[in-house]
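Reading the structure
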Amino acid sequence: MSLEDLILYAVDYARELGASYAEARYHKNNSFSIVSRNGTIIGAGREIKEGIGVRVLVDGALGFSATNRLDNESVKEAVEKAYKLAKVHAGLMKKPIEFDDSRVGRARYSVVEKKPFTSMSLDEKIGMHKELWDIVAKAPSEAKIPVFFLNYIESVEEKIVANSDGAFITSRIPRLTIFYNVVVTTPQKGSIQRFEQLGASGGLENLEEWSLYNTLDNDVKIYEKILYEAKEPPRQEVDVVVGSEVVGLIVHESCGHPSEADRILGREAAQAGMSFIKPGMIGERIGNENATVIDDPTIPGSYGFYLYDDEGVPARPRYLYREGIIYEHLHNRWTAKIYGTQSNAASRAMDYASEPIIRMANTYFKPGDHSFEELVEDIKYGVYIKSYMEWNIDDTRWSQRYVGLEAYLIEKGELKGFVRNPVLEVTTKAFYSKVDAVGKELRFYAGTCGKGEPAQGVPVWFGGPDLRLRNIRLGVAPK
Amino acid sequence: MKEELLETSKKLVDRALSEGYDEAAVLLNHRKTVMVKLANSEPSVIQRWRDLVLNLYLVKDKKILVLALSPTSLDEVNKTIRELIGIADKLYESPFYAPLPEPGKPEKMELVDKKLLEKIEDPSDIVEKLVETAHREKIDYVAGMIELSYAEKALATSKDALFYEDSTSIQTYLRAFAGEDGSGQWSYGSRRLNEKKIEEMASIAARYAVESRNRVSIEPGIYDIIISPMVAGNLLRLVGFMSSAFMVFMGMSMFMNKKPGDRVGSEKLTLIDDALNPELPGSTGFDDEGVSTYSKPIIENGIFKNMLHNSKTAAKMGTKSTGNAGWITPHPWNLVVSRGDYSFDELVGEVKKGILVTNNWYTRLQNYVEGVFSTITRDALFLIENGKITKPIEKIRIADTLPRLLNNIDALGREQYDIWWWEVEIPTRTPYILIRQIRTSKHTV
C-alpha cells in the first residue's frame, strides 16, 4: 500500500469504527547535523523520524495515536487504540469537542532550495566549522575564547495530511539551522556568553544571507569590549531603543502566545499556562496605535513557513494586535468552533508522534517609518538594547523580563559606550502602550518554540524593527 | 519483545562492523505509552504511542557518527548505515573519541509494576479519581496530565555488551484553580502506581489553589525564600545538567572553573545522582555504553564530588566513566536532595521575612558559566513574617545566581517528594528548602 493509500485507509477505517472526525498524517523529519567545538568536529548525526499520527473524535472526546510501523496492521492498531481510548474517556467529557466547518484544501507544495544541500561538499561544510573558529579565536585582542560550539543542521520535513472532511495536502519543506554558543572570558572581568540560533526554510543560500564570517568577528570584538568597558545601566527613568532582536522575542512572548486561542480556553493551563486575554476581549485596547503585530506563515524563505496547516486549512496572515487593539487570535478548528469563527490555520504538529496544536509561524511587529538615526536623535539620555540572553515571562504573558547583552548608552542622540546587562522588566500593556516611534527596517530571528504535552518544538521566526519606548526604569542583572 | 530487541540490536552491531566501522553501539527503545491531558476538569486529548526508536553510535578511524531513527524497516537502517560510511571517511578524528568501554555487570533491576502496565490500556478510572480528588477542595477546575508508560531498552555494543531492561513509569501533575487568582500545582513521578501518592498530589495542588486566593502585591527585594520540591526540582536540574562533563566542555556549566573537591554550596546541601533507586522513573542498571550505573553524590555537604562522565569525557579528563552515558552527553538519571531534619512548620518558623515559593517556570540564564539566572514564580506564593505564613502574594521573579543559591541553603525539610513534570525533566526527590537572602525582582512599569 502506498503512503497515500495508507493514510486514506486510516481515515476511512476510523470513520467505519464510528469516529465523527478522522485525520491521518504521514510525517517524516530527516535531519543531518555536524557538531564542532573550537573548530574540531565532535561528530556528525543523522535523525530520521518517520511515521503516521492518527486523530479521531469519538462521542466528543479527542483521541490521538501514533506508530512508526508503516504497514496495514500497525496503522489499523493505531486507529483502533485512538478510537478506543477516546471512547472510554468520552464519559468524562462535560463539553463535547467539535470542529468548525472551515474550508479545507487539496494541494501539493514544496519549498525549492536555491542552493541544494548537496551543492556544497562535506569537506567544505566541515571546513566552515574550522574557518569560523579561526575567526572567532582571533577576534579578541586580549580575552580568550574557551568555547565556541557550533551545530550545523540540514533538515527536510515531508508531510501528507488527509482528513474525513476531504483535506489532502502534500508538502516538503527543507530548512537550514545553525546554533552556536560562544564564551568570551578574561581573568579580571569574568565572562560573557552569547547563544544564537539562525534558521530559515530553503537551502544553503541562507548561509550567504547570514554572512557569519563577518558578523562573528565583529560580535566577538564587541563582547570583549563589553567585558572591559560596560558600565552599570542608569537608575533613573530613561528612553529606551529596543533593538529588533529583542522586539521579535517580545512580540512572540507577549502577543503571539497570549493570542493562542487554545491557551485562552485553558487547554495549556497546566503546562505553558493561560493568557491575560480572556474570551470576549477581542476589540479591547492593549497598546497605542503604533502597535500592530502580525503572524504570517506564508512568508517565503521563513523558518515557520507553510501554506496549509495540519488540519488542511489554507494559511494566511493573522493580525493579532492591530493599531493597539486585540484583533484576532490564532485558531484551530476546535477553538474556531467555540469562538463561532473559522480556523486561521494555526494547527501544527512537530512530528508524526505529536498531535497538531495551535502554533505561531512568523510573528512580527509591523514596521514604521523611522531610520535608526531618527529613533535615537532626540534622546537626551537613554539606552539601546540590541541583543539579549536571559528572558522570561509569566504564565499569563503579562509580566516579562529581557536582559540585554549588547547594549549602549545614548547621550544627546548618540551612542556613547556600552551598558552592562540592562534589564527591561515590563508588563505587556506597558510595552505596547509606550512605543513612541517605530523603525522601518524589518528583521527576523529564528527560534524553536516550545508548547504542548509532550512538549513540541517547532521552527518559528520572530521579528520587527527597532522601537523607541519613553520613560522606562531599567533594572540591573545580579552578579 | 525482549528477544526480538536483543537480536536486532546485536544484528545491527554486526552489520555496522561488516560495513567497515571499527566500533558500534545500538540502543533500541520500544515504548507503549498512554497520556491523558486534562483541561477544565475534563480530558482535552487522550494520546497513545507505540514506537521503536533506534539509536546508533558508529566509529570509523576515531570519527564519530550518531544516529536516531524511527525506522519503518530494517532495510532502511542498513541503507543508512551504508550511506554514512562515506560521510565518516570525510570527518575528522573526534577530540572526544575514546574506545567503547568493556561492558559492566549491571544489576538486574525490578522496574516493572504489573498494575501500572495493565492501566495503560484504560486509565480512565485513575483520571476520574484525580479530578474527583482535587474537587474535594473548593476549587473551580483543574488542568494537568497523567502518563503511563511501559518502556523496553536493548543495548548491544561491539565490546560485546548485550543488555535488556524493561520498566514502567507514571508521570502526573495537576494545576488547580480557585476564585479570581488562586492556583496551585503539584506533580508526582514513579516507577510504580501508588494511588495514595496520586491522590496526595491532587490534594496538594487543590489546597494551594484555595489558600492562595486574594493575593496582595509586595515589593521586590532581598528575601529568605523557602522553595517547594517543585521549585527545587526545577532549579537543581540545572545543577544536574551542568554537572555533566560535556556541558563543562561546551561552556554551559557553572562548574567550568571548578573541580571535584571545591566547595560549591552550603554544607547542608547533598545532591545525589541516584541511578539505582527503583522507585524513581530515571532508574536504570546500565548506561548507553553498557557501563553499570551506580548512585553517587554530585555535591556532598556542599563539596563538588563528582562530575558526570561517559567514557569519552572521562578519558579527556583523565578519570573513569561514572556510568552516565549518553554517547556524547553524560546526564544524571535521578536527582535526590538529602533530607534535613525540619518539619515544614519548623522551616517556616526559621524565617523572619520571606517568601514561600510553591512553583515556578521559565528559568533562563544570562550566563551559564557564572550561573546568572532568573525564574518567574507561578501558582501559590506566600509571604512569611516572623515565622508564620501571613498572606498569599502576587507573582515575583527570583533573579540571582546559582552559586549564591547553593551557598545560601540554610535548612531542609525532612519529608521528601517525588517530582517529575514539564519543568522538572529529571525525576527529582527533594524536600522543601530554606535559602537565605535571595534577590527578587518585578516589572517596573
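Residues numbered from 1 in each chain as written. Chains lettered and ligands numbered in written order. Predicted model: local features only at pLDDT ≥ 70, side-chain atom pairs only at ≥ 80, totals over all residues.

1. Focus: the overall build of chain B
Counting its secondary structure elements, chain B contains 10 helices and 21 strands. For chain B, whose C-alpha radius of gyration is 23 Å, the value lies close to the compact-globule estimate of 22 Å for 445 residues. In terms of its C-alpha atoms, chain B occupies a principal-axis envelope of roughly 70 × 50 × 40 Å. Across the 445 residues that make up chain B, the buried fraction comes to 59%. Taking all contacts inside chain B whose residues are at least 6 apart in sequence as the whole, residues at least 24 apart take part in 74%. (Helix = DSSP H or I, 4+ residues; strand = E, 2+ residues; numbered from the N terminus. Rg over C-alpha atoms; globule rule 2.2 N^0.38 Å. Buried ≥ 20, exposed ≤ 12 C-beta atoms within 10 Å, placed from the backbone. Contact = placed C-beta atoms within 7 Å.)

2. A word on unusual backbone geometry
Cis geometry marks the peptide bond from E453(A) to P454(A); its omega dihedral reads 0°. Summarising the element assignment, P454(A) is placed in the loop between strand 22 (443–451) and strand 23 (456–464). Cis geometry marks the peptide bond from A325(B) to G326(B); its omega dihedral reads 20°. Inspection of the secondary structure assignment puts G326(B) in the loop between helix 8 (311–317) and strand 11 (335–337). Positive phi, normally seen in glycine, also occurs at N301(B), with a value near 45°. Position of N301(B) relative to the elements: it lies in the loop between strand 9 (296–300) and strand 10 (303–304).

3. Describing the domain arrangement of chain B
For an interface, size is often stated in terms of accessible area lost upon the parts coming together. All names here are of chain B. Looking at the assigned domains, one finds that chain B contains domain 1 (2–211) and domain 2 (222–441). Contacts between the two partners involve 40 residues from domain 1 and, on the opposite side, 32 residues from domain 2. At the level of secondary structure, the elements contributing two or more residues to the side of domain 1 that touches domain 2 comprise strand 1 (23–39), strand 4 (141–157), strand 5 (162–178), strand 6 (182–190) and helix 5 (195–211). Split by residue class, the side of domain 1 that touches domain 2 holds 20 nonpolar, 10 polar and 10 charged. (Domains from an automatic or database assignment. Nonpolar A, V, L, I, M, F, W, Y, C, P; charged D, E, K, R; others polar.)

4. Notes on the interface of chain B and chain A
Facing the 76 residues of chain B at the interface are 75 residues of chain A. With 11 residues, the single largest contributor to the side of chain B that touches chain A is strand 2 (residues 42–60) of chain B. Here the side of chain B that touches chain A is composed, by residue class, of 40 nonpolar, 19 polar and 17 charged. Two elements, strand 3 (residues 61–67) of chain A and strand 2 of chain B, share five bridges in a ladder whose sense is parallel. For F64(A), the partnering residue across the bridge sits in strand 2 of chain B and is Q47(B). (Pairing = 2+ DSSP bridges.)

5. Details of the environment of L204(A)
All names here are of chain A. The residue L204 is located in the loop between strand 7 (190–201) and helix 4 (205–210) in this model. When the 19 C-beta atoms within 10 Å are taken as the criterion, L204 is described as partly exposed. For the pair L204 and G166, spaced 38 residues apart in sequence, the C-alpha to C-alpha distance is 36 Å.

6. Some thoughts on helix 5 (residues 212–229) of chain A
Residue and element names in this part refer to chain A. With 18 residues, helix 5 should cover 26 Å at 1.5 Å per step; its first-to-last C-alpha distance of 25 Å lies within 8% of that length. Within helix 5, the full set of buried residues consists of L212, L216, D219, V220, Y223, E224, I226 and L227. One side of helix 5 carries all its buried residues, which in axial view fall inside an arc of 155°. Those residues of helix 5 that are exposed and aimed more than 90 degrees away from the buried face are N214, N218 and E229. The elements touched by buried residues of helix 5 are helix 3 (122–138), strand 6 (168–186), strand 7, helix 4 and strand 19 (414–418). (Expected span 1.5 Å × (residues − 1). Arc of directions from axis to C-beta.)

7. Quick notes on the nonpolar core
The tendency in soluble globular proteins is for nonpolar side chains to be buried as a group. Among the nonpolar cores identified, the biggest contains 292 residues, and V56(A), V383(A), L174(B) and A205(B) are the most heavily contacted of them. A total of 10 residues in this core trace back to one element, the largest contributor, which is strand 1 of chain B. If near-sequence neighbours (up to four positions away) are discounted, V56(A) is found in contact with A14(A), A19(A), Y21(A), A22(A), G63(A), A82(A), Y83(A) and A86(A). (Core = buried A, V, L, I, M, F, W, Y, C linked by C-beta atoms within 7 Å.)

8. Describing the sheet that holds strand 11 of chain B
Residues and elements named next belong to chain B. Strand order across the open sheet formed by six strands is 10-9-8-11-20-19, with mixed pairing between neighbours. The outermost strands of the open sheet, each flanked by one partner alone, are strand 10 and strand 19 (417–421). Sheet topology note: the strand 8 (residues 271–273)/strand 11 ladder contains three bridges and is antiparallel. Each residue of the ladder has a partner; that of D273, found in strand 11, is L335.

9. Some thoughts on the sheet that holds strand 16 (residues 388–393) of chain A
All names here are of chain A. Taken in spatial order, the four strands make up an open sheet running 16-17-20-25, and their pairing is antiparallel. With one partner strand each, in any of the chains shown, strand 16 and strand 25 (475–476) form the two edges of the open sheet. Two elements, strand 17 (residues 399–404) and strand 20 (residues 422–427), share five bridges in a ladder whose sense is antiparallel. Within the sheet, the bridge partner assigned to R401 lies in strand 20 and is E425. Contacting strand 16 and strand 17, helix 6 (residues 244–256) runs over the sheet at an angle of about 20° to strand 16. (Axes fitted to C-alpha atoms, helices over the stretch in contact; angles between N-to-C directions.)

10. Focus: the pairing of strand 7 (residues 222–227) of chain B
All names here are of chain B. Bridging between strand 7 and strand 21 (residues 433–441) involves five bridges; their strand directions are antiparallel. By the bridge assignment for strand 21, I226 is matched with L434. Alignment of strand 7 against strand 12 (residues 353–357), held across four bridges, turns out to be parallel. Looking at strand 12, one finds that I227 is bridged to V357.

11. A look at the packing of helix 1 (residues 3–17) of chain A against helix 2 (residues 72–89) of chain A
Residues and elements named next belong to chain A. Between helix 1 and helix 2, whose axes approach to 10 Å, the crossing angle comes to 35°. For the pair helix 1 and helix 2, the sense of crossing is right-handed. Here L6, Y9, A10, Y13, A14 and L17 of helix 1 lie close against helix 2, whose contacting residues are V75, K76, V79 and Y83. When grouped by side-chain class, the residues that make up the contact of helix 1 with helix 2 number nine nonpolar, no polar and one charged. (Left-handed = near helix turned anticlockwise from the far one by under 90°.)

12. A short note on the packing of helix 4 (residues 124–134) of chain B against helix 5 of chain B
What describes two packed helices is the angle between their axes and the distance between those same axes. All names here are of chain B. Interaxial distance between helix 4 and helix 5 falls to 8 Å at its minimum, and their mutual angle equals 35°. Like other packed secondary-structure pairs, helix 4 and helix 5 cross with a definite hand, here right-handed. Residues I126, L130, T133 and A134 of helix 4 form the contact with helix 5, whose participating residues are I198, E199, A202, S203, A205 and A206. Residues of the contact of helix 4 with helix 5, tallied by class, amount to seven nonpolar, two polar and one charged.

13. Side note on the environment of I126(B)
Residues and elements named next belong to chain B. Turning to its location among the elements, I126 is positioned in helix 4. Distance from I126 to S212, taken between C-alpha atoms, is 27 Å for residues 86 residues apart in sequence. Setting aside residues up to four positions removed in sequence, I126 forms contacts with K119, I146 and I198.

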